[in-house]
Amino acid sequence: LLPATLDLSVLELSHEESDMLDKVMTALGGVPPHMSIPLLVLVQNLTLYAQLHADVLLAGPLATGRLGLMISPQLKARDMVLRQLRADFASFALSMSERAHKAKERNSKPAPGKPLK
């Protein structure tokens, strides 16, 4: 079963999100149309993570507060998005895996009236 091509040109993606979508689609080699919404959520959060990571690299992981050195707000935000991104990846992978497993089960069932092999 070949994955259908997604037409995501109707969406208003930022330049960064569009670049990230191209990279993800190239890495995955194609995504079935039913996965378009989870893919977009994944791409948007991946783009946000990349931007926040750049902020951490620029600002540094520590900041000086009234109590002395503390974790920077940029690092806290990046880690929060990283947790969400991990959940997005797990959900996306599980959905792809479940879909492939269900398709395999449908193809392995015998036709009505045919003996089991």
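Note on numbering: residues in each chain are counted from 1, in written sequence order. Residue-level local features of this predicted model are given only where pLDDT is at least 70; pairs of side-chain atoms are given and counted only at 80 or more, and the full residue set underlies all totals for whole chains, interfaces and linings. Working from all heavy atoms in the structure, the side-chain values ignore hydrogens and water.

Asker: I keep staring at the pattern of salt bridges and nothing clicks. Help me out?
Answerer: Note that side chains of opposite charge can pair when their charged atoms are close. A side-chain nitrogen of Lys or Arg and a carboxyl oxygen of Asp or Glu constitute a salt bridge if their distance falls within 4 Å. Evaluation of the coordinates by the stated rule reveals one salt bridge. One salt bridge connects R78 with D79, and the closest N-O pair in it is separated by 3.2 Å. Residue D79 is classed as partly exposed on the basis of its relative accessible area, which comes to 27%. Each residue's exposure class comes from its accessible area (1.4 Å probe, protein chains only) as a fraction of the maximum for that residue type: buried when under 20%, exposed when over 50%, partly exposed otherwise.

Asker: Teacher, can you tell me more about the packing of helix α1 (residues 15-28) against helix α2 (residues 36-59) here?
Answerer: Relative orientation of the contacting elements α1 and α2 amounts to 120 degrees, with a least axis distance of 9 Å. Crossing of α1 against α2: the hand is right-handed. Where α1 abuts α2, its residues E16, E17, M20, L21, V24, M25 and L28 lie against L39, V43, Q44, L46, T47, A50 and Q51. All axes here are fitted lines through C-alpha atoms, helices being fitted over the stretch that makes contact, and every angle between N-to-C directions spans 0 to 180 degrees. Labels follow the DSSP assignment, with helices taken as runs of H or I lasting at least four residues and strands as runs of E lasting at least two, numbered in each case from the N terminus. Left-handed describes a crossing in which the near helix is turned anticlockwise from the far one by less than a right angle; the clockwise case is right-handed. Residue contacts are defined here by distance: any two heavy atoms, one from each residue, within 4.5 Å place the two residues in contact.

Asker: What's the story with the pairing of strand β2 (residues 68-71) in this structure? I'm lost.
Answerer: When a strand is regular, its side chains alternate between the sheet's two faces. Direction of pairing for strand β1 (residues 62-65) relative to β2: antiparallel, over a ladder of four bridges. If you follow A63 over to β2, its bridge partner there is M70. Two successive antiparallel strands, β1 and β2, enclose a turn made up of two residues. DSSP calls a pair of strands paired once it identifies at least 2 bridges connecting them.

Asker: I tried to follow the confidence of the model for the chain on my own but got confused; where do I start?
Answerer: Do not read the fine detail of predicted coordinates wherever pLDDT is low. With 74% of its residues at a pLDDT of 70 or more, the chain has an overall mean of 81. When the elements of the chain are averaged for pLDDT, helix α3 (residues 73-108) gives the smallest value, 82, and β2 the largest, 92. As a per-residue measure, pLDDT tells how confident the predictor is, with possible values from 0 to 100.

Asker: Looking at this structure, I do not really get the nonpolar core. What am I missing?
Answerer: In summary, soluble globular proteins display a tendency toward joint burial of nonpolar side chains. The biggest cluster of nonpolar side chains holds 14 residues, and the ones touching the most others in it are V24, L39, V43 and F92. When contributions to this core are tallied by element, the ones reaching two or more residues are α1, α2 and α3. If you tally residues by element for this core, the top one is α2, at six residues. For V43, the residues in contact, after removing those within four places along its chain, are E17, M20, L21 and V24. Joining through side-chain atoms within 4.5 Å is the link that ties buried Ala, Val, Leu, Ile, Met, Phe, Trp, Tyr and Cys residues into a set, and such a set is a nonpolar core.

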